[in-house]
Amino acid sequence: MRATSCFAAALLLAGAFLTGVDAIQGVTRNGRYLYTADGNRFYIKGVAYQEQGAVVADPSNPFLEPSTFIDPLSNGTACARDLPYLQQLGVNTIRAYSVNSSLNHDSCMQAFSNAGIYTIIDLSLPGNGSMDRDAPSWTTNLLDLYTGTISAFSKYDNVLAYNVGNEVVIAANGTAAAAFVKAAARDVKAYLGSIKSSALVGYASIDGDSSWLAPLANYLSCDASGSNSGTTAIDLFGLNNYEWCGASTFEASYSNTEGEFAGYNVPAYFSEFGCITSPPRLWTEVGALLSSEMSPVWSGGVAFSYFPATSVQGQFGMVTISTDGSTVTTSSDFDNLKTQYGSASPPNSPSQSSAGTTSYPSCPQANSTWLASTSLPATPNLAACECLENNLSCQFTPTTSNYTAIVGSLLDYGCSIIGQAGGSCNAISANGSTGQYGAVSECDPTVMLSYVMSEYYIANGANAQACSFGGNGTVNSKAPSSAGSADAAASSCLASATSTSVPTLPAGSTGSSGSSGSSSSAVSVLADARTLMGMGVVVAVGMASGLWTLA
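Residues numbered from 1 in each chain as written. Predicted model: local features only at pLDDT ≥ 70, side-chain atom pairs only at ≥ 80, totals over all residues. Heavy atoms only, no water.

Peer 1: Break down the sheet that holds strand E7 (residues 159–166) for me, with residues and values.
Peer 2: The strand order E4-E5-E6-E7-E8-E9-E10-E11 describes a closed barrel built from eight strands, whose pairing is parallel. Direction aside, neighbouring strands of the sheet carry axes that sit 25° apart on average. Bridge count for strand E4 (residues 44–48) against strand E11 (residues 298–303) is four bridges, and the pairing is parallel. Bridging from a neighbouring strand, Lys45 pairs with Gly301 of E11. Across the face of the sheet, helix H10 (residues 332–343) comes into contact with E4, strand E10 (268–273) and E11 while running at roughly 160° to E11. (Pairing = 2+ DSSP bridges. Helix = DSSP H or I, 4+ residues; strand = E, 2+ residues; numbered from the N terminus. Axes fitted to C-alpha atoms, helices over the stretch in contact; angles between N-to-C directions. Contact = heavy atoms within 4.5 Å.)

Peer 1: Give a description of the packing of helix H2 (residues 76–89) against H10 that names residues and reports values.
Peer 2: Between H2 and H10, the shortest axis-to-axis distance is 8 Å and the interhelical angle comes to 50°. The orientation of H2 relative to H10 falls into the category oblique. In this structure, H2 contributes Tyr85, Gln88 and Leu89 to the contact, and H10 contributes Phe334, Leu337, Lys338 and Tyr341. Here the contact of H2 with H10 is built from residues that sort into five nonpolar, one polar and one charged. (Parallel < 35°, antiparallel > 145°, perpendicular 65-115°, else oblique. Nonpolar A, V, L, I, M, F, W, Y, C, P; charged D, E, K, R; others polar.)

Peer 1: Outline the environment of Arg186, supporting the account with residue identities and numerical values.
Peer 2: By the secondary structure assignment, Arg186 is in helix H5 (residues 178–194). Sequence separation of Arg186 and Thr232 is 46 residues, and the distance between their C-alpha atoms is 4.3 Å. Discounting chain neighbours no more than four positions away, the residues touching Arg186 are Trp138, Thr231, Thr232, Leu376, Pro377, Ala378, Thr379 and Thr500. A distance of 2.8 Å separates the side chain of Arg186 from the backbone oxygen of Pro377, its partner in a polar contact. (Polar contact = N/O pair within 3.5 Å; in protein donor to acceptor, adjacent residues only side chain to side chain.)

Peer 1: Which residues make up unusual backbone geometry, and what are the values?
Peer 2: Note that the residue after Pro279, namely Pro280, is joined by a cis bond; omega there is -5°. Mapped onto the fold, Pro280 is located in the loop between E10 and helix H9 (285–289). Put simply, Phe304 and Ser305 share a cis peptide bond, and its omega is 5°. With respect to the helices, strands and loops of the structure, Ser305 is situated in the loop between E11 and strand E12 (309–310). Positive phi is not limited to glycine here, since Asn228 has a value of about 55°. Within the secondary structure, Asn228 sits in the loop between helix H6 (210–220) and strand E9 (236–240).

Peer 1: Hey, could you go over the pairing of E9 for me, with residue numbers and the actual values?
Peer 2: Among the five residues of E9, five are classified as buried, and the element is accordingly described as predominantly covered. Of the two faces of E9, the one holding Leu236, Gly238 and Asn240 and the one holding Phe237 and Leu239 are both buried throughout. Bridge count for strand E8 (residues 200–206) against E9 is five bridges, and the pairing is parallel. Its bridge partner being in E9, Gly202 is matched across the sheet by Leu236. Crossover E8 to E9 through H6 is right-handed. Alignment of E9 against E10, held across three bridges, turns out to be parallel. Note that in E10 the partner of Gly238 across the bridge is Tyr269. (Buried < 20%, exposed > 50% of the residue type's maximum accessible area, 1.4 Å probe, protein only. Right-handed = clockwise from strand over helix to strand, strands pointing away.)

Peer 1: I'd love a proper account of the pattern of salt bridges, names of residues and values included.
Peer 2: Taken as a whole, this structure holds eight salt bridges when the rule is applied. With a closest N to O distance of 3.1 Å, Asp106 and Lys155 form a salt bridge. One end of the pair, Asp106, is in helix H3 (residues 106–114); the other, Lys155, is in the loop between helix H4 (140–153) and E7, and 49 residues separate them in sequence. Classification of Lys155 as exposed rests on a relative accessible area of 51%. Between Arg186 and Asp187 there is a salt bridge; the shortest N-O distance is 2.8 Å. Classification of Arg186 by relative accessible area gives buried; the value is 8%. Members of the salt-bridge network, linked through shared partners, are Arg29, Lys189 and Asp235. (Salt bridge = Lys/Arg side-chain N within 4 Å of Asp/Glu carboxyl O.)

Peer 1: Help me get a handle on the state of the cysteines, residues and values and all.
Peer 2: Per the counting criterion, the structure on display carries seven disulfides. Cys79 shares a disulfide with Cys108; S-S distance 2.0 Å. Note on the Cys79 and Cys108 pair: the S-S dihedral is about 95°, so by sign convention the disulfide is right-handed. With Cys79 in helix H2 and Cys108 in helix H3, this residue pair connects regions lying 29 residues apart in the sequence. (Disulfide = S-S within 2.5 Å.)

Peer 1: Now, about H5: what can you tell me, with residues and values included?
Peer 2: Between the first and last C-alpha of H5 there are 24 Å, a value that for 17 residues agrees with the 24 Å anticipated at 1.5 Å per step. In terms of residue burial, H5 counts as a mostly covered element, since 14 of its 17 residues are buried. Of the residues one or two after H5, Lys196 is the one with positive phi, at around 60°. (Expected span 1.5 Å × (residues − 1).)

Peer 1: So what about helix H13 (residues 445–459)? Which residues, and what values?
Peer 2: The terminal C-alpha atoms of H13 lie 21 Å apart, and with 15 residues this matches the ideal 21 Å at 1.5 Å per residue to within 8%. Taking burial as the measure, the 15 residues of H13 include 12 buried ones, the bulk of the element. All of the buried residues along H13 are Pro445, Thr446, Val447, Met448, Leu449, Ser450, Tyr451, Val452, Met453, Ser454, Glu455 and Tyr457. On its buried side, H13 packs onto H4, helix H11 (382–391), strand E16 (394–396), helix H12 (404–420) and strand E19 (473–475). Where H13 ends, the next residue or the one after it, Gly461, has phi of about 65°, a positive value.

And the structure:
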């Protein structure tokens, strides 16, 4: 066990800044492999680098996922403290699960770049800032969150990849959600191209039964058009794999997984690994993962986790941080991983020139264990949704600042009473299985709610009381006065909202300009305000012949 103060770490950070800004090579994808600018094969020797936020033990949170987060790349002092230990581990990549694009990340990102450490950044946020597994959607607020984060990090040279999702699909009956993940990958990829970024687009999957895991991987990297195009495909597939426990072997733990991905078309890696059910963690899987036995398929992996992390299986973590945040104490987990990473020597093959180009096969067909349609949601159109909102007769004006807590229940209530009147909420519905997406389903949930409230208001003869919804609705005096005019205005607003386009940053979004610092509970408010996702809205599914009329 060893401990080091922040003072010594700060000296190392200062030295890192003096080494220059061109310390790290670019990494590109050729065929199904990764290569550095000098033509060498690149393997991810990584560690998960994210302090755990608040975790609420609840039956509705079986994975003990945090509800808040601490941005690990915004606190230069903490990064200075940890950098010597990351270098001791021999890692070349860290994975950050949640970042706050409004904060400044210069100190951490530059120090890691100068130390030769790349970053894999997840674009989602806990809870309200990620796709809801039970009611997935791809909406303006989530797209804006993703592009805002990319914009904040686009100036750094050590972003290896952005993950558009982590464990969104966890079972066969939830595979329809993959349609929304694929749409996110398409739009993020288009945005990266528009800003001339070489960062890869990734997804991290939970390990699961091959009946749906293999189709998921293939679906995310396929081309439904049949033109061998990668416009809707991910660049990097991650598998959160914990099969190797204790002193296991390749045959016992990895041979089946190796076989399932033998013909995979894009680079793949273990986005998490490090079983804790047979302590101590020996990390002997590193010797298999970074060997000629697995290098034909896999490009390394990310060990979980540098910081302590509580899970349903127990406690992860390789170090502990003192209560004042100044001192790091390592464990045997740390020492064992350091030894294994230090002795790994993966083959530098195939050569970049012989790696070929990536081909994009046809997409898997739907069946009983694979439900996702190849018809994807449109690119969320903020201008169209704002136009719609401005023309809606009844607008959501919450009486509380914590309005995310009531949007879901109000939507459920509104759709229920509209259904009782013979109407439906098809316009806000999105179905990744049938490939049918209502015209308002791409809008922020608050806009969806304003739409539902307006439908009920108009159905009740424009009675002001019908717009109240417990005091959370206000009649829009500037909206068209007749139902016919309202229909025409709404149709005009959404006329261009069913297409695929290159996303742009919302007006006023310029990326990071804030000061460095940590963020925890305050960020949950940020997530609520910017990314109203995951509210468990249950609405009717299917396209109505008329989107704007109740009857």
